[in-house]
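# A closer look at the structure
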Amino acid sequence: MATLSLQALTKRYDNGVPAVNAVSLDAADGEFIVIVGPSGCGKSTLLRLVAGLETVSGGRVVIDGAVVNDREPGNRDIAMVFQNYALYPHMTVAGNMAYGLRNRRVPKPEIAAKVRRAAEILELTELLERRPAQLSGGQRQRVAMGRAIVREPKVFLFDEPLSNLDAKLRVSMRVEIKRLQRRLRTTAVYVTHDQVEAMTLADRLVVMNRGVAEQIGPPLALYERPATVFVAGFIGSPAMNLLPAEWDGRFARVSPHLALALPGLGAPPGPLTLGIRPEHLGLEGGAAAAVELVEPLGADTLVHVRLADGPLLVARAAAAPAPDAPLALEMPLARLHLFDAAGNRIPWEAPSAALEARPCRPVA
Amino acid sequence: MVENRPFLGLIRHTVLIAGVLLLALPVWLAFVASTQEGGRLLSGDVTLWPSGHFLQTYGAVLFEGMRSAGVPPVGRMMLNSLAMAVLIAVGKIAISLLSAFAIVYFRFPLRKTIFWMIFLTLMLPVEVRIVPTFQVVAGLGLLDSTAGLVLPLIASATATFLFRQFFLSVPPELAEAARIDGAGPMRFFADILVPLSRTNIAALFVILFIYGWNQYLWPFIATTDEAHYTVVMGIQRMVAVPDSEPIWNLVMATAILGMLPPVAVVVAMQKLFVKGLVDSEK
Ligand SMILES: Nc1ncnc2c1ncn2[C@@H]1O[C@H](COP(=O)(O)OP(=O)(O)O)[C@@H](O)[C@H]1O
Ligand SMILES: [Mg+2]
């Protein structure tokens with residue numbers, strides 16, 4: 001039970017490029033923070049800074065009100081689950097779980113009781129005397145979790161703990177991790193590159209890109225109001241449609257045949273990016289487009305459509321349109337996201353009068 | 001390529017059996033010679049079958065030694081050899097484990113240089129540095145002592161290199177997990193690295209034990225007191241008797257007895273030995 005605070009945390013490796021650049025974050029007691037971003041964006045580095053496995057180049061790590069920058073990992077009262085589990089191969093499951101307690105000189109009977117309790121929670125009781133080599137991937141994953149919870153640390157750290165599991169197991173373990181964290185009410189920082197995992201687990205999400213925290217907030221807030229083009233493109237699957245456009249003060253021109261009137265937008269003329277999620281694209285009324293590809297998913301269908309002389313978009317539709325049939329693409333103004341040339345969100349609410357009008361219109 | 005044709009199988013076995021015979025023949029001859037009467041061997045009258053003097057010869061070497069050559073009973077020499085071989089093997093393994101640990105897991109100035117310096121000592125076996133080594137050991141007053149026999153042979157670049165390679169193959173997350181579990185460096189070493197190196201240690205122990213047991217030149221130079229003779233030296237003394245013929249049956253009996261402990265070590269540790277050379281059980 002503790003708070004975790006990162007203050008302008010920075011890490012520069014020997015090559016001088018900051019792998020983590022001035023990341024600040026305040027996690028409340030019991031909060032589940034998920035750090036998500038593409039490979040190489042600095043997620044693991046950030047987690048390792050919190051764990052104390054890397055030295056901090058700038059800023060502070062504060063756990064439960066105490067600055068821990070100079071504390072050894074063993075003295076930070078954290079527990080970490082590694083991607084490859086890092087179980088001690090020569091120790092039994094019970095031995096793996098007990099090792100951290102033994103090093104802290106917890107009395108033997110107490111260790112035994114704690115290991116037993118953790119094993120019960122994770123359904124490992126039958127496996128306590130096995131070695132890691134005699135376990136399946138999912139069981140090893142549980143043992144790694146057991147090793148973390150048995151210590152009752154202030155903060156859990158997870159570095160892509162599910163990425164070595166097959167898809168089905170990943171989903172069930174994901175649910176289990178969430179349930180476990182709810183039950184134990186322990187502050188957790190969870191790193192993943194999988195945005196579905198991120199969305200489903202997080203109380204708050206941190207989207208990282210090149211060492212910088214692009215946006216921090218509850219998953220749905222990030223989904224509904226991404227602060228940057230990067231977040232817009234990263235969160236959501238299939239990804240948001242991002243269309244480069246030229247803004248002339250009245251119209252945003254997407255292609256030679258398509259321009260959108262954006263009433264009330266005060267931005268200076270110049271390039272901007274329009275974003276719209278696949279589920280918000282309508283397939284009736286609007287700009288002429290042609291179906292290129294249909295991907296039926298069962299519950300709904302992904303339709304890849306190309307605007308005449310323009311970009312390719314993905315729409316999520318209830319039913320598949322007839323192949324090669326001409327389509328009319330509709331982009332509801334209320335669902336549009338706008339980003340400036342630097343990639344930052346332009347705050348804009350379409351005036352309600354405009355919402356009634358036809359949103360897309362061909363330019364003569 | 002595994003083929004299963006009877007004719008090829010026959011050839012294979014012939015070749016293998018011939019190889020075994022070739023290797024075993026000298027050992028067999030030594031054993032045969034050790035069961036003969038002393039004089040017969042000098043007459044040039046060689047047989048391939050043991051004769052009846054087994055108990056006599058072995059009794060003599062075990063309990064009396066060879067007074068004329070100043071050689072103590074074999075038992076005593078075997079103990080000396082055993083002490084030397086075990087201490088060399090254990091010492092080499094302990095030192096190599098620690099130096100490989102330092103080189104792989106710690107960042108300190110001149111780390112690379114030090115590694116290469118250790119590596120360079122491969123080119124300096126005892127035979128090459130024997131004069132200065134003798135001088136140092138004599139200066140320390142360690143001639144005619146077990147410490148003097150063992151210390152100059154105890155550093156091992158080969159073993160250090162082997163452990164270094166093994167440690168490099170251990171996932172770094174294991175060290176990190178141990179740090180988070182509150183284990184300091186020596187604790188990680190003792191609780192995790194050493195147990196993981198178990199098979200490597202066993203394989204090395206076999207090789208190094210035999211290396212130590214077979215040491216010839218250094219014990220020959222560093223000991224003059226017969227109380228510190230090793231088996232190998234004892235044989236040399238028995239052969240190099242002044243003003244008379246060596247008593248070959250005694251020499252051969254000593255040689256046969258001297259072969260037994262290395263054989264015992266190999267047999268006892270065979271499984272671990274092969275495992276240690278073949279896989280790394282991670
Ligand atoms: N030990 C290191 N030395 C130098 N650069 C490193 C080291 N570890 C990671 N990096 C670099 O830092 C960046 C972030 O790495 P990492 O945190 O592992 O990314 P992620 O976990 O998000 O995939 C990468 O560009 C990587 O190359
Ligand atoms: Mg990573």
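From a predicted model like this one, the values you see are computed outputs, not experimental measurements.

Time to look at the overall build of chain B. Broken down by element type, chain B carries 14 helices and 0 strands. Each helix (α) and strand (β) of chain B, taken in turn from the N terminus, gives the series α-α-α-α-α-α-α-α-α-α-α-α-α-α. The C-alpha extent of chain B, read off along each of the three principal axes, is 75 × 65 × 30 Å. Going through the 282 residues of chain B one by one, you find that 39% of them count as buried.

Attention now goes to the domain arrangement of chain A. Size of an interface: often given as the accessible area lost when the parts come together. Residues and elements named next belong to chain A. When the domains of chain A are assigned, the result is domain 1 (4–233) and domain 2 (239–339). The C-alpha-based centres of domain 1 and domain 2 are spaced at 39 Å. In this complex, domain 1 contributes 9 residues to the contact, which on the side of domain 2 involves 8 residues. For domain 1, the biggest contributors to the area lost against domain 2 are Tyr223, Val229 and Ala232; these three give 66% of the whole. On inspection of domain 1 and its partner domain 2, the count reaches 2 residue pairs in polar contact (both at pLDDT 80 or more). Going through the elements one at a time, helix 7 (219–224) and helix 8 (229–234) are the ones with two or more residues in the side of domain 1 that touches domain 2. Residue classes in the side of domain 1 that touches domain 2 are distributed as 6 nonpolar, 2 polar and 1 charged.

It is worth spelling out the sheet that holds strand 8 (residues 187–192) of chain A at this point. All names here are of chain A. Judged by pairing direction, the sheet is mixed, and its 6 strands sit side by side in the order 6-7-8-3-9-10 without closing on themselves. Of all strands in the sheet, those bounded by a partner on one side alone are strand 6 (78–81) and strand 10 (212–217). Averaged over all pairs of adjacent strands, the angle between strand axes in this sheet comes to 15 degrees, irrespective of strand direction. As paired elements, strand 3 (residues 32–36) and strand 8 share 5 bridges and run parallel to each other. Paired with valine 36 across the two strands is threonine 192, which belongs to strand 8. Helix 1 (residues 43–51) contacts strand 3, strand 6, strand 7 (155–159), strand 8 and strand 9 (204–209) of the sheet and is inclined by roughly 150 degrees relative to strand 7. Against the sheet, helix 4 (residues 137–149) makes contact with strand 6 and strand 7, and its axis sits at roughly 175 degrees relative to strand 6, the strand it touches most.

Right, let's talk about the nonpolar core for a bit. Soluble globular proteins tend to bury their nonpolar side chains together. Of all hydrophobic cores here, the largest spans 85 residues; its most connected members are Leu4(A), Leu157(A), Phe167(B) and Ile192(B). It is helix 4 (residues 74–105) of chain B that provides the largest number of residues to this core, a total of 10 residues. In this structure, Ala94(A), Met97(A), Leu180(A) and Ala202(A) belong to the second largest nonpolar core, which totals 48 residues.

What follows is about the packing of helix 9 (residues 172–180) of chain B against helix 10 (residues 185–196) of chain B. Residue and element names in this part refer to chain B. Running from N to C, helix 9 and helix 10 cross one another at 150 degrees; their axes reach a closest spacing of 11 Å. When the interaxial angle is binned, helix 9 and helix 10 end up roughly antiparallel. Seen along the crossing, helix 9 lies across helix 10 with a hand that is right-handed. Residues Leu174, Ala175 and Ala178 of helix 9 pack against Phe188, Ile192 and Leu196 of helix 10. Here the residues of the contact of helix 9 with helix 10 sort into 6 nonpolar, no polar and no charged.

All names here are of chain A. Taken together, the residues surrounding ligand 1 are Tyr13, Ala19, Pro38, Ser39, Gly40, Cys41, Gly42, Lys43, Ser44 and Thr45. Between an oxygen atom of ligand 1 and a main-chain N or O atom of glycine 40, the distance comes to 2.6 Å. With the chains in place, 56% of the 560 Å² that ligand 1 exposes on its own is no longer accessible. By residue number, the principal contributor to the shell around ligand 1 is helix 1, which donates 3 residues. When the residues that make up the shell around ligand 1 are grouped by side-chain class, the tally is 4 nonpolar, 5 polar and 1 charged.

Moving on, we come to the side chain of Arg48(A). Within the fold, Arg48(A) resides in helix 1. At 3.0 Å, the side chain of Arg48(A) forms a polar contact with the side chain of Glu54(A). Apart from the residues lying within four places of it in its own chain, the contact partners of Arg48(A) are Leu53(A), Glu54(A), Met80(A) and Glu176(B).

Right, let's talk about the packing of aromatic side chains for a bit. The tally for this structure, following the rule as stated, stands at 25 aromatic pairs over all chains. Taking 5.3 Å as the distance between ring centres and 70 degrees as the angle between the ring planes, the aromatic pair formed by Tyr105(B) and Phe188(B) counts as edge-to-face. With a gap of 83 residues between them, Tyr105(B) in helix 4 and Phe188(B) in helix 10 connect regions that are remote in the sequence. An aromatic cluster is defined as three or more aromatic residues linked by ring pairs; in this entry it consists of Phe101(B), Tyr105(B), Phe106(B), Phe163(B), Phe166(B), Phe167(B), Phe188(B) and Phe189(B). Above the face of the Tyr223(A) ring, Arg277(A) is positioned so that its terminal group lies 3.8 Å from the ring centre.

Criteria and thresholds
Residues numbered from 1 in each chain as written. Chains lettered and ligands numbered in written order. Predicted model: local features only at pLDDT ≥ 70, side-chain atom pairs only at ≥ 80, totals over all residues. Heavy atoms only, no water. Helix = DSSP H or I, 4+ residues; strand = E, 2+ residues; numbered from the N terminus. Buried < 20%, exposed > 50% of the residue type's maximum accessible area, 1.4 Å probe, protein only. Domains from an automatic or database assignment. Contact = heavy atoms within 4.5 Å. Buried area = accessible area lost by both parts, 1.4 Å probe. Polar contact = N/O pair within 3.5 Å; in protein donor to acceptor, adjacent residues only side chain to side chain. Nonpolar A, V, L, I, M, F, W, Y, C, P; charged D, E, K, R; others polar. Pairing = 2+ DSSP bridges. Axes fitted to C-alpha atoms, helices over the stretch in contact; angles between N-to-C directions. Core = buried A, V, L, I, M, F, W, Y, C linked by side-chain atoms within 4.5 Å. Parallel < 35°, antiparallel > 145°, perpendicular 65-115°, else oblique. Left-handed = near helix turned anticlockwise from the far one by under 90°. Near = heavy atom within 4 Å. Areas by Shrake-Rupley, 256 points an atom, 1.4 Å probe, with all protein chains shown as cover. Phe/Tyr/Trp six-rings, centres within 6.5 Å; stacked < 30°, edge-to-face > 60°. Lys NZ or Arg CZ within 6 Å of the ring centre and 35° of its normal.

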